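# Fold and geometry: a report
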Amino acid sequence: MTKSDEVCALVVFGREECHLCNQMIVDLQKRQEQITFDFQVIDIDTDPDLRVRFNDKVPVLMSLSDQKEICHYYLDLAALDDYLAKIR
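### Structural notes on the pairing of strand β1 (residues 8-14)
Most of β1 is tucked away, with six of its seven residues classed as buried. The sheet contact formed by β1 and strand β2 (residues 37-43) spans seven bridges and is parallel. From the neighbouring strand, Val-11 faces β2, where its bridge partner is Gln-40. Between the parallel elements β1 and β2, the chain passes through helix α1 (residues 19-31) in a crossover that is right-handed. Pairing analysis gives four bridges linking β1 to strand β3 (residues 60-63), with the strands arranged antiparallel. Its bridge partner being in β3, Val-12 is matched across the sheet by Leu-61.

Pasting the structure below:
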């Protein structure tokens, strides 16, 4: 499998009852209609270390492979597209 064949895996660090987190998830799902990538959602309140790391910043969109923060609070489509272009 070549690098361009791999599906990019991203993670949203957020909270269950967070309207910004829910909006970022919806926006990512809409973007998946144009670009192939996978993402998972991790609730920071299930892990004390994650809560300390991301508490005031959620939602945070990061790449799984290199732990690079792509954006936080809102989905930055330009930042997401730039990141995806760099890894393909």
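### Things to note about the pattern of salt bridges
Overall, the coordinates contain three salt bridges when judged by the stated rule. Two residues, Asp-45 and Arg-15, come together in a salt bridge whose shortest N-O distance is 3.0 Å. In this pair, Asp-45 sits in the loop between β2 and α2 (48-54) while Arg-15 sits in the loop between β1 and α1, placing the two residues 30 residues apart along the sequence. Its relative accessible area of 33% is what places Asp-45 among the partly exposed residues. Since its relative accessible area comes to 23%, Arg-15 is described here as partly exposed. Between Glu-69 and Lys-57 there is a salt bridge, and its shortest N-O distance comes to 2.7 Å. Separated by twelve residues along the polypeptide, Glu-69 in strand β4 (residues 69-72) and Lys-57 in the loop between α2 and β3 bring together distant segments of the chain. Using a relative accessible area of 26% as the deciding quantity, one classes Glu-69 as partly exposed.

Scoring rules and cut-offs
- Residues numbered from 1 in each chain as written.
- Predicted model: local features only at pLDDT ≥ 70, side-chain atom pairs only at ≥ 80, totals over all residues.
- Heavy atoms only, no water.
- Buried < 20%, exposed > 50% of the residue type's maximum accessible area, 1.4 Å probe, protein only.
- Helix = DSSP H or I, 4+ residues; strand = E, 2+ residues; numbered from the N terminus.
- Pairing = 2+ DSSP bridges.
- Right-handed = clockwise from strand over helix to strand, strands pointing away.
- Salt bridge = Lys/Arg side-chain N within 4 Å of Asp/Glu carboxyl O.

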